[in-house]
Amino acid sequence: MPDLGHALLILARNAIASQLGQAVRPTDDLPALHEPGATFVTLTQRGQLRGCIGSLEAWRPLGVDVRENALAAAFRDPRFPPLVAAELPLTRVEVSLLTPAIALPFTDEADALAQLRPGEDGIIFSCGSRRATFLPQVWEQLPAPALFMAHLKQKAGLPAAYWGPDVRLERYGVTKWKEAPP
């Protein structure tokens, strides 16, 4: 899949560059780009997060998904101002292709934490209408399962110590590709 990763990175960067009125690079039109796929596009500058938006389910063609998520990460991530042209050369693009999420059955929070696989699992936390996810890459900053889960609950808008019978967890994996540093 190295060709696919290269194509996804170019598609993501091209979407942002085009929106900023900059030149785009040619890329191969691979058959996989027309199959359903779920991606997250993460933008960083000097190792710091600059935007991250994605899809948890494969509901549109992979090529469309990565382009739309690249635009959203660059211009519509509510945590950051829209990217400007001068920032693009400093911005590193990473694309994560998600596997389908599967339910994680558990008896209580301790059981759920014991089942987490640091560095491997992306986790979707759901509770009522609240939902949040962390990609597997987040384990690099939050390596302890309890800390990872506490931050994920906060991302969902709940207290770090919250746990209740309405909590649902799903896990997924990713294949990721990252541009070389600018």
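Just so it is clear, the structure is predicted and the values come from calculations on it, not from any experiment.

S.K.: Give a detailed account of the overall build of the chain, specifying residues and quantitative values.
M.R.: Along the chain, the regular secondary structure elements total four helices and eight strands. Walking the chain from its N terminus toward its C terminus, one meets helices and strands in the order α-β-β-α-β-β-α-β-β-α-β-β. Along the first, second and third principal axes, the C-alpha atoms of the chain reach 50 × 35 × 25 Å. Within the span of the chain, comprising 182 residues, buried residues form 47% of the whole. A sequence separation of at least 24 residues applies to 68% of the contacts in the chain between residues at least 6 apart. About 9,200 Å² of surface is accessible on the chain, with carbon and sulfur atoms providing 59% of the total. The positive charge centre, built from 18 side chains, and the negative charge centre, built from 19, are 6 Å apart in the chain.

S.K.: How would you sum up the sheet that holds strand 1 (residues 39-45)? Please name residues and give values.
M.R.: Taken in spatial order, the four strands line up as 2-1-3-8 in an open sheet, and their pairing is antiparallel. Two strands bound the open sheet, and with one partner strand each, they are strand 2 (48-54) and strand 8 (174-178). Strand-to-strand, the axes of this sheet are offset by a mean angle of 20°, without reference to chain direction. As defined by bridge partners, strand 1 adjoins strand 3 (residues 91-98) across seven bridges and the pair is classed as antiparallel. Residue pairing for strand 3: Phe40 is matched across the bridge by Ser96.

S.K.: I'd like a description of the side chain of Glu87, backed by residues and values.
M.R.: Among the structural elements, Glu87 can be located in the loop between helix 2 (62-75) and strand 3. At a separation of 3.0 Å, a polar atom in the side chain of Glu87 contacts the side chain of Arg50.

Conventions we followed
Sequence order sets the numbering: in each chain, residues are counted from 1 along the sequence as written. Only residues with pLDDT of 70 or above have their local features reported here, since the model is predicted, and side-chain atom pairs are shown and tallied only from 80 upward, although totals for entire chains, interfaces and linings are computed over all residues. No hydrogens and no water enter the side-chain calculation; it runs on all heavy atoms of the structure. For helices the rule is a DSSP run of H or I covering at least 4 residues; for strands it is a run of E covering at least 2, with both sets numbered from the N terminus onward. Relative accessibility decides the category of a residue: with a 1.4 Å probe and only protein chains considered, values under 20% of the type maximum give buried, values over 50% give exposed, and everything between is partly exposed. Every residue pair with non-hydrogen atoms within 4.5 Å of one another is taken to be in contact. Accessible areas in this description were obtained via Shrake-Rupley with a 1.4 Å probe; residue shielding takes into account the shown protein chains only. Positive: Lys, Arg. Negative: Asp, Glu. His and the chain ends are not part of the count. Note that the charge is assigned to NZ on lysines, CZ on arginines, CG on aspartates and CD on glutamates. Strands qualify as paired when DSSP identifies two bridges or more between them. Lines fitted to the C-alpha atoms define the axes, with helices restricted to the stretch that makes contact. Angles between their N-to-C directions range from 0 to 180 degrees. Within 3.5 Å is the distance limit for a polar contact, defined as a pair of N or O atoms, with the added protein rule that one can donate a hydrogen and the other accept it, and that residues adjacent in sequence qualify only through two side-chain atoms.

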